[in-house]
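# Structural characterization, general
Each chain is listed here by its residues.
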Amino acid sequence: MSKRNSPQKEYEPVTPPNGPSSSGTGLSPLVDNEQTAVNGDVPPPAAGNEAVNLKPKVTLINGITVIVGSIIGSGIFVSPKGVLDGCGSVGTSLIVWILCGLFSMVGAYCYAELGLLITRSGADYAYIFEAFGPLLAFLRLWVECMIVRPCSQAIVALTFAYYVIEPLFPDCDQPDTAVRLLATVCIAILTFVNCADVKWATRVQDIFTYAKVLALILIIITGFVQIGRGKYEAFKNPFENSKTDVGEISLAFYSGLFAYNGWNYLNYVIEELKDPVKNLPKAIWISCILVMVVYVFANVAYFTTVMPDEILESSAVAVTFSKRLYGIMWWVMPIFVSLSTFGGVNGVLFTTSRLFFVGAREGHMPQILSMVQVQRMTPLPAVLFMGLTSLIYLCSTDMYALINYVGFVNWLSIGLSVVALLYFRWKRPEMNRPIKVALFWPILYVSCTVFLVVLPLYASPVETGFGCLIIATGIPVYIIFVKWEKKPKVFLNFMNESTLWMQKLFMCVPEERRVS
C-alpha cells in the first residue's frame with residue numbers, strides 16, 4: 001500500500017510533490033508571519049503545540065446535511081418537468097425518479113469504499129490521481145476550478161436572489177441588477193462564514209437543510225390531504241401517453257440524475273469527517289434514501305394539484321402549487337426555495353474549497369491555496385479563491401452555456417472514479433478496505449455511466465465538442481505550469497514573493513499532516 005494511504009501516526013509539514021523548490025504551481029510555502037520556512041520546515045503555530053491542519057469537526061448529522069443539502073437545491077421546487085417531458089406520463093416519470101435514486105445509491109455505495117480506501121479529501125480528483133496519474137486528475141481539477149464549480153455557485157446564488165424578491169414582484173420580472181447584487185451578498189456572507197469557522201459552515205448547512213426538507217414535507221403533507229379530498233385524477237391512468245422513444249426516455253433519466261447530483265460531496269471533505277469508517281457509509285445511506293423518498297412523494301404531491309401539461313409549461317412548479325392551495329400565504333414557497341438555494345451555495349463553497357485545497361497540496365494549483373489559517377484552522381485562501389471566482393462569474397451572461405458545454409464531465413469523472421475502484425481491486429488487492437462492495441455494482445455503474453457520457457455526444461454534439469475543447473485547454477496549462485521544471489527565474493521570484501505576501505496577509509501556513 002502506498003505511503004499516503006497507510007495509517008497516520010505523526011505530524012510533519014507538507015511540501016509540494018517535487019520538494020520545496022518544485023516547479024509548477026506547487027511553489028514552496030515560505031513564511032508564517034515574519035519567519036521563513038526553510039526546506040519546507042514550518043514554524044510552530046501560534047496556538048500552543050496544536051498542529052496546523054484541518055480538524056475533523058464534521059459529525060454524522062453534519063455529513064447527512066452536507067449530502068442532503070447539496071443534492072436538494074432549487075430543481076425539485078422549480079421544475080421537475082425534464083423527467084416528465086421525456087417520459088410523457090405520470091407513472092413512467094415516477095418510476096424514473098425511483099430508478100435514478102437507486103442508481104445514485106449504487107454510485108454512493110461504490111464511493112463509500114473509495115472514501116475509506118483513499119482517505120484524502122478531494123473525492124474524484126484524489127481517486128483519479130491515485131489510479132491514473134496527475135494529468136487526468138489535473139484536467140478534472142482544471143474544468144472544476146475554471147468553470148463547473150464557480151459557475152454552479154453563481155447560478156444557485158442567482159436563483160436564491162430571484163426567489164427572495166419574488167414576493168415583491170409577483171406579477172412582473174425582477175430587476176436584474178437587484179438580483180445580481182443580492183446574489184453577491186449571498187456569496188460574500190457565506191465566504192466569510194466558511195473562512196471564519198468550520199463549525200459555523202456546518203451549522204449553516206444544518207439549518208438550511210432542515211428548512212428545505214421542511215418545505216418538501218409541507219408539500220408532501222398537502223399532497224396527501226389533496227388525495228384524501230379525491231384530487232387524484234392524474235393517477236387514474238398513470239401510464240397514458242407514455243413515450244417509447246429510447247432517446248427521449250434517456251434524456252428523462254439524465255434530468256432525474258442531475259437532480260440527484262451531490263451524493264458524493266461528503267467525500268470531498270473526508271479528512272474533516274469524524275470517525276469516517278462508521279459515519280461515511282451511514283451518512284451516504286441515510287441521505288440517499290431520504291432524498292429518494294422525498295423526491296418521489298413531492299412529485300406525487302405536485303400531480304394532485306398541477307396537471308402534467310401545466311407542469312410542462314410552469315417555470316416554478318412549487319410556486320404554482322402554493323398559489324393554488326395556500327391563498328395569501330403562497331409567498332412562503334418562494335422563501336423556502338430561497339432558503340434551499342442559500343444552503344446549496346454554502347454546500348458548494350464548503351466542499352469545493354477542499355477540492356482546491358487538495359489540488360494545491362498536490363502541486364496542481366498555487367501553493368497558497370493549500371495553507372491553513374493559524375487561528376481559525378480553515379483553508380481560508382482556498383475559500384476566498386472559490387468565493388471571488390464565483391463573484392466574477394456573476395458578471396457573465398453565458399454561465400448556463402458554459403455549464404451545458406462541460407455537463408458531461410461530471411459523469412466522466414465519476415465513471416473514472418468507479419473504474420479506479422476496479423483498478424485498485426486488480427492492482428492493489430492488499431489495500432485496507434473497511435468496506436468492500438460486490439464487483440457487480442461497480443461494473444453495473446460503470447456500464448450505465450458510459451451511456452451517460454456517450455448520450456450528450458448524440459444529443460448535443462456541438463456543445464459536447466466545445467466542452468472537449470475546454471477540457472483540452474488544460475493540457476498546455478499542465479505542461480507549462482506543472483511539468484516544466486526550468487521556469488524563468490523572474491516567474492519563480494514573482495510566485496515566491498506573492499506567496500510570501502499572501503501568507504502574511506492571511507496569517508496562514510502549510511498544513512501539517514499526519515504521515516507514517
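Residues numbered from 1 in each chain as written. Predicted model: local features only at pLDDT ≥ 70, side-chain atom pairs only at ≥ 80, totals over all residues. Heavy atoms only, no water.

## Concerning the confidence of the model for the protein
Confidence in the prediction of the protein, expressed as mean pLDDT, is 83, and 88% of residues score 70 or more. Segment residues 1-47 is flagged for pLDDT under 50; beyond a separation of four residues in sequence, or across chains, it makes 122 contacts in the model. (pLDDT = per-residue confidence, 0-100. Contact = heavy atoms within 4.5 Å.)

## Comments concerning the nonpolar core
Judged by nonpolar contacts, the single largest core of 159 residues is most densely connected at Ile72, Phe77, Ile219, Tyr295 and Trp411. The element contributing the most residues to this core is helix 6 (residues 134-164), with 16 residues. With sequence-adjacent residues up to four places away left out, Trp411 is seen in contact with Phe103, Tyr254, Leu257, Tyr445, Thr449, Leu452 and Val453. (Core = buried A, V, L, I, M, F, W, Y, C linked by side-chain atoms within 4.5 Å. Buried < 20%, exposed > 50% of the residue type's maximum accessible area, 1.4 Å probe, protein only. Helix = DSSP H or I, 4+ residues; strand = E, 2+ residues; numbered from the N terminus.)

## Regarding a nonpolar patch on the surface
A contiguous nonpolar surface patch, about 510 Å² in accessible area, is contributed by Leu135, Ile475, Ile479, Ile480, Phe481 and Trp484. No other element matches helix 19 (residues 474-483), which puts four residues into the nonpolar patch. Structurally, Ile475 can be placed in helix 19. (Patch = residues over 30% accessible without salt bridge, like charges linked within 9 Å, V, L, I, M, F, W, Y side chains within 5 Å. Areas by Shrake-Rupley, 256 points an atom, 1.4 Å probe, with all protein chains shown as cover. Salt bridge = Lys/Arg side-chain N within 4 Å of Asp/Glu carboxyl O.)

## Some words on the environment of Phe103
Its location among the elements puts Phe103 in helix 4 (residues 90-117). The exposure class assigned to Phe103 is buried, which follows from its relative accessible area of 13%. Residues Phe103 and Trp441, 338 residues apart in the sequence, show an inter-C-alpha distance of 9.8 Å. In this view, Phe103 contacts Leu257, Trp411, Tyr445, Cys448, Thr449 and Leu452; residues no more than four positions away in its chain are not counted.

## Details of the packing of helix 1 (residues 60-71) against helix 10 (residues 276-305)
Their axes nearest at 9 Å, the elements helix 1 and helix 10 cross at an angle of 40 degrees. With respect to helix 10, the axis of helix 1 lies oblique. The element helix 1 and its partner helix 10 pack so that their crossing is right-handed. Together, Leu60, Gly63, Ile64, Ile67, Val68 and Ile71 of helix 1 and Asn279, Lys282, Ala283, Ile284, Ile286, Ser287, Leu290, Val291 and Tyr295 of helix 10 make up the contact between the two elements. When grouped by side-chain class, the residues that make up the contact of helix 1 with helix 10 number eleven nonpolar, three polar and one charged. (Axes fitted to C-alpha atoms, helices over the stretch in contact; angles between N-to-C directions. Parallel < 35°, antiparallel > 145°, perpendicular 65-115°, else oblique. Left-handed = near helix turned anticlockwise from the far one by under 90°. Nonpolar A, V, L, I, M, F, W, Y, C, P; charged D, E, K, R; others polar.)

## Points about the packing of aromatic side chains
Per the stated rule, a full pass over the model turns up 26 aromatic pairs. With a centroid separation of 5.9 Å and 75 degrees between ring planes, the pair formed by Tyr302 and Phe321 is classed as edge-to-face. Taken together, the residues span a long stretch of sequence, with Tyr302 in helix 10 and Phe321 in helix 12 (residues 317-325) at a distance of 19 residues. No difference in accessibility class separates Tyr302 from Phe321, as the two residues are buried. A connected cluster of aromatic rings, assembled from ring pairs, spans Phe103, Tyr111, Tyr127, Trp263 and Tyr445. (Phe/Tyr/Trp six-rings, centres within 6.5 Å; stacked < 30°, edge-to-face > 60°.)

## As for helix 6
For helix 6, spanning 31 residues, the distance from its first C-alpha to its last is 42 Å, which sits close to the expected 45 Å at 1.5 Å a residue. At Glu144, helix 6 shows its largest bend, some 50 degrees. Summarising burial for helix 6: 23 of the 31 residues are buried, a large majority. (Expected span 1.5 Å × (residues − 1). Bend = angle between axes of the 7 residues up to and from the residue.)

## Quick look at helix 9 (residues 246-259)
Its 14 residues place the ends of helix 9 20 Å apart at the C-alpha level, agreeing with the 20 Å of an ideal helix rising 1.5 Å per residue. Along helix 9, the residues classified as buried are Ser250, Ala252, Tyr254, Gly256, Leu257 and Ala259. At its buried positions, helix 9 is contacted by helix 1, helix 3 (81-87), helix 4, helix 10, helix 16 (407-427) and helix 17 (440-459).

## As for the packing of helix 9 against helix 17
Contact geometry of helix 9 with helix 17 gives a least axis separation of 11 Å together with a crossing angle of 120 degrees. Taken together, the axes of helix 9 and helix 17 lie oblique to each other. Here the hand of the crossing between helix 9 and helix 17 comes out left-handed. Along the contact surface, helix 9 presents Ser250, Leu251, Tyr254 and Leu257, while helix 17 presents Phe451, Leu452, Leu455, Pro456 and Ala459. When grouped by side-chain class, the residues that make up the contact of helix 9 with helix 17 number eight nonpolar, one polar and no charged.

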